[in-house]
Amino acid sequence: MSRSEELFEKASRLMPGGVNSPVRAFGAVGGHPFFVRRAQGPWLYDEDGRRYLDYVCSWGPCILGHACPPVIEAVQKACADGLTFGAPTQKEGILAEMICACVPDVEMVRLVSSGTEAVMSAVRLARGFTGREKIIKFAGNYHGHSDGLLVKAGSGMMTQSVPDSAGVPEGYAKTTLTAVYNDPDSVRRLMEENRGEVAAVVVEPVAANMGVVPPEPGFLEFLRAITEENGALLVFDEVITGFRLGLGGATEYTGVHADLHTFGKIVGGGMPLAAYGGSEKIMSCVAPLGPVYQAGTLSGNPAAVTAGIATLKILMDRPQLYRELDEKAARLERAFLEKGLTVNRAGSLLTPFFTGGREVKNYDGALRCDRRAFADYFAWMLSQDIYVAPSPFEAMFVSAAHSDGLIEETCRAIGEWRADAGRD
């Protein structure tokens, strides 16, 4: 028995499924997960001494690669000063100023500890600001595991074939209206049926939790227009796309402006940190300035904030990095396309879909994925010491640590897998 098998067996007696986040259990691909000992650059090293080329990148935060030296050094220094204070620090303002400088729509920011908390808080703020209760979300868009948003969610919910979570009161679900991604008519119909009741439309501006599904031309522009017409707010969930598609996130990438943005993953440099922000007018509704309450003991944690500052500073100093990442991801995209797969890509995010060549534009399209074919592909890549997400409904993430040579090696592995598999 391998060391990872031993650890998984023990963990399964102590934690549900042996993991602390469901997709990590490898339920969609079979077998057992490997346990990571350490990571460096583009590599993961497991407890058995095996090395993997990592395209999960901790589900997105590691845009600079694992254990980026300037980030690690800054965090180590910060930790020596104390791990948590429960009081304001100068660094919180520095990170907030950096976010506001990068994202055109953001004038004020509130720091929190997770993407789930950021979106939950943004939705509460939208309701408090508008005085309305209902929100519109999209099937297959995952916005964290707060009660009101676990309705036809993406990510691990799709992997487990669970449409909704047990334990969510029916009343929560009734205030969440579900539309079809890339389908303006479905949004228009919900707005008409609930006229004057919709507080916000919450959307992943580039969906990345049912696999990568970019917005079709005009879709986000439509959402911007219909929310303005109906007195609702437009909320961009940029927990994944924030600082991934560019310094200005989805607004820079698509040209569409939102009322509220949520950030996670990259904004914390790999530490548990997230944020939500918008105009001063809207954000002034948050306590202690306004009646919308939100608080957290570890919000603005000094070590996490330090990691975020160090990461954003590197990204701001190296704007060419985004072009380089885009080019690397495009090479992977071509390798998949040459083998007949459907591939969706947005910048350094991409997903190969096993749908027999059919396009994937929404949740229903993603669900047509051949899960057995994906499991075969995952097993092949892992046998080549390449780690991709253990779910057909997640993204591949390219980092600055993925060299041209490693990208080429991955393209060769993709080609060899298709020849070896001999199936569509």
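The rules behind each value
- Residues numbered from 1 in each chain as written.
- Predicted model: local features only at pLDDT ≥ 70, side-chain atom pairs only at ≥ 80, totals over all residues.
- Heavy atoms only, no water.
- Helix = DSSP H or I, 4+ residues; strand = E, 2+ residues; numbered from the N terminus.
- Rg over C-alpha atoms; globule rule 2.2 N^0.38 Å.
- Buried < 20%, exposed > 50% of the residue type's maximum accessible area, 1.4 Å probe, protein only.
- Contact = heavy atoms within 4.5 Å.
- Areas by Shrake-Rupley, 256 points an atom, 1.4 Å probe, with all protein chains shown as cover.
- Lys, Arg positive; Asp, Glu negative; His and termini not counted.
- Charge placed at Lys NZ, Arg CZ, Asp CG, Glu CD.
- Expected span 1.5 Å × (residues − 1).
- Phe/Tyr/Trp six-rings, centres within 6.5 Å; stacked < 30°, edge-to-face > 60°.
- Lys NZ or Arg CZ within 6 Å of the ring centre and 35° of its normal.
- Axes fitted to C-alpha atoms, helices over the stretch in contact; angles between N-to-C directions.
- Parallel < 35°, antiparallel > 145°, perpendicular 65-115°, else oblique.
- Left-handed = near helix turned anticlockwise from the far one by under 90°.
- Nonpolar A, V, L, I, M, F, W, Y, C, P; charged D, E, K, R; others polar.
- Pairing = 2+ DSSP bridges.
- UniProt positions renumbered as here; feature names shortened; annotations may be inferred.
- Core = buried A, V, L, I, M, F, W, Y, C linked by side-chain atoms within 4.5 Å.

(A) View of the overall build of the protein. From N to C terminus, the protein includes 15 helices and 14 strands. Here the C-alpha radius of gyration of the protein, 21 Å, is about what a compact globule of 424 residues would show, namely 22 Å. In terms of overall dimensions, the protein has C-alpha extents of about 60 × 55 × 45 Å along its principal axes. Looking at the protein as a whole, 55% of its 424 residues qualify as buried. Long-range pairs, those at least 24 residues apart, make up 70% of the contacts in the protein between residues at least 6 apart in sequence. With the model as given, the accessible surface of the protein reaches about 17,600 Å², and the carbon-plus-sulfur share is 50%. Counting 41 positive and 51 negative side-chain charges, the protein places the averaged centre of each group 2 Å from the other.

(B) Seen up close, helix α12 (residues 321–337). Its 17 residues place the ends of α12 24 Å apart at the C-alpha level, agreeing with the 24 Å of an ideal helix rising 1.5 Å per residue. Regarding α12, the residues found buried are Leu-321, Tyr-322, Leu-325, Lys-328, Ala-329, Ala-330, Leu-332, Glu-333, Ala-335 and Phe-336.

(C) Here's a closer look at the environment of Arg-3. Mapping Arg-3 onto the fold places it in helix α1 (residues 3–14). Judged by relative accessible area, which is 39%, Arg-3 ranks as partly exposed. Residues Arg-3 and Ile-226, 223 residues apart in the sequence, show an inter-C-alpha distance of 55 Å. Setting aside its immediate chain neighbours within four residues, Arg-3 contacts Glu-47 and Asp-48.

(D) Spatial organisation of the packing of aromatic side chains. One pass over the structure, following the stated rule, counts 14 aromatic pairs. Ring pairing ties together the aromatic residues Phe-26, Phe-34, Tyr-52, Phe-378 and Tyr-387, which thus form one cluster. Its end group placed over the ring of Tyr-45, Arg-38 keeps NZ or CZ at 4.0 Å from the ring centre. Lying over the aromatic face of Trp-43, Arg-51 brings its terminal NZ or CZ to 3.6 Å of the ring centre.

(E) Up close: the packing of helix α2 (residues 69–80) against helix α11 (residues 302–317). In contact at an axis separation of 9 Å, α2 and α11 are set at 155° when each is read in the N-to-C sense. Overall, the two elements α2 and α11 adopt an arrangement that is roughly antiparallel. Helix-helix and strand crossings are classified by hand; for α2 and α11 the assignment is right-handed. Here Pro-70, Val-71, Ala-74, Val-75, Ala-78 and Cys-79 of α2 come into contact with α11, specifically with Pro-302, Ala-303, Thr-306, Ala-307, Ala-310, Thr-311 and Ile-314. Class assignment for the residues of the contact of α2 with α11 results in eleven nonpolar, two polar and no charged.

(F) Summary view of the sheet that holds strand β11 (residues 342–346). Here we have three strands laid out as an open sheet, ordered β11-β12-β14, and antiparallel in their pairing. Since the sheet does not close on itself, it has two edges, and those belong to β11 and β14 (396–397), each with one partner. One ladder, built from five bridges, connects β11 with strand β12 (residues 349–353); its direction is antiparallel. Paired with Arg-345 across the bridge in β12 is Leu-350. Packed onto the sheet, α12 meets β11, β12 and β14 and runs at close to 170° relative to β11.

(G) Region of the structure containing the sheet that holds strand β6 (residues 176–179). With respect to topology, seven strands assemble into an open sheet ordered β4-β10-β9-β8-β7-β5-β6, the strand pairing being mixed. Edge positions in the sheet fall to β4 (108–112) and β6, since each has one partner strand and no second. This sheet shows a mean twist of 20° between the axes of neighbouring strands, independent of strand direction. With five bridges joining them, β4 and strand β10 (residues 274–278) adopt antiparallel strand pairing. Each bridged residue has a counterpart across the sheet, and for Met-108 the counterpart in β10 is Gly-278.

(H) Inspection of unusual backbone geometry at higher detail. Across the junction of Ala-287 and Pro-288, the peptide omega takes the value 15°, indicating a cis bond. With respect to the helices and strands, Pro-288 occurs in the loop between α10 (280–283) and α11. Even without glycine at this site, Trp-59 takes up a positive phi of about 65°. The phi torsion at Ala-67 lies on the positive side, around 50°, for a residue other than glycine. Position of Ala-67 among the secondary structure elements: in the loop between β3 (51–54) and α2. Of the residues examined, Ala-67 reaches a relative accessible area of 27% and is grouped as partly exposed.

(I) Broad picture of the UniProt feature "modified residue: N6-(pyridoxal phosphate)lysine" (unreviewed entry) in the protein. Following the UniProt record, the feature "modified residue: N6-(pyridoxal phosphate)lysine" (unreviewed entry) maps to Lys-265 here. The residue Lys-265 is located in the loop between β9 (260–263) and β10 in this model. Taking the relative accessible area as the measure of exposure, Lys-265 reaches 24% and is therefore partly exposed. Those residues in contact with Lys-265 that lie beyond four places of it in its chain are Trp-59, Gly-60, Pro-61, Val-239, Ile-240, Gly-270 and Leu-273.

(J) Representation of the environment of Ser-146. Relative to the elements of secondary structure, Ser-146 occurs in the loop between β5 (134–138) and α5 (156–159). Overall, the relative accessible area of 11% leaves Ser-146 in the buried class. Not counting residues within four places of it along the chain, the set of residues in contact with Ser-146 comprises Thr-116 and Met-120.

(K) Region of interest: the nonpolar core. With 101 residues, the main nonpolar core has Ile-99, Leu-223, Phe-243 and Leu-315 as its most contacted residues. For this core, the element with the most residues is α11, which contributes eight residues. Beyond its immediate stretch of four places on either side in the chain, Ile-99 contacts Val-106, Val-109, Leu-111, Phe-243, Phe-263, Val-267, Ala-275 and Leu-312. By size, the runner-up hydrophobic cluster in this structure holds 22 residues, among which are Val-119, Val-123, Ile-135 and Val-235.

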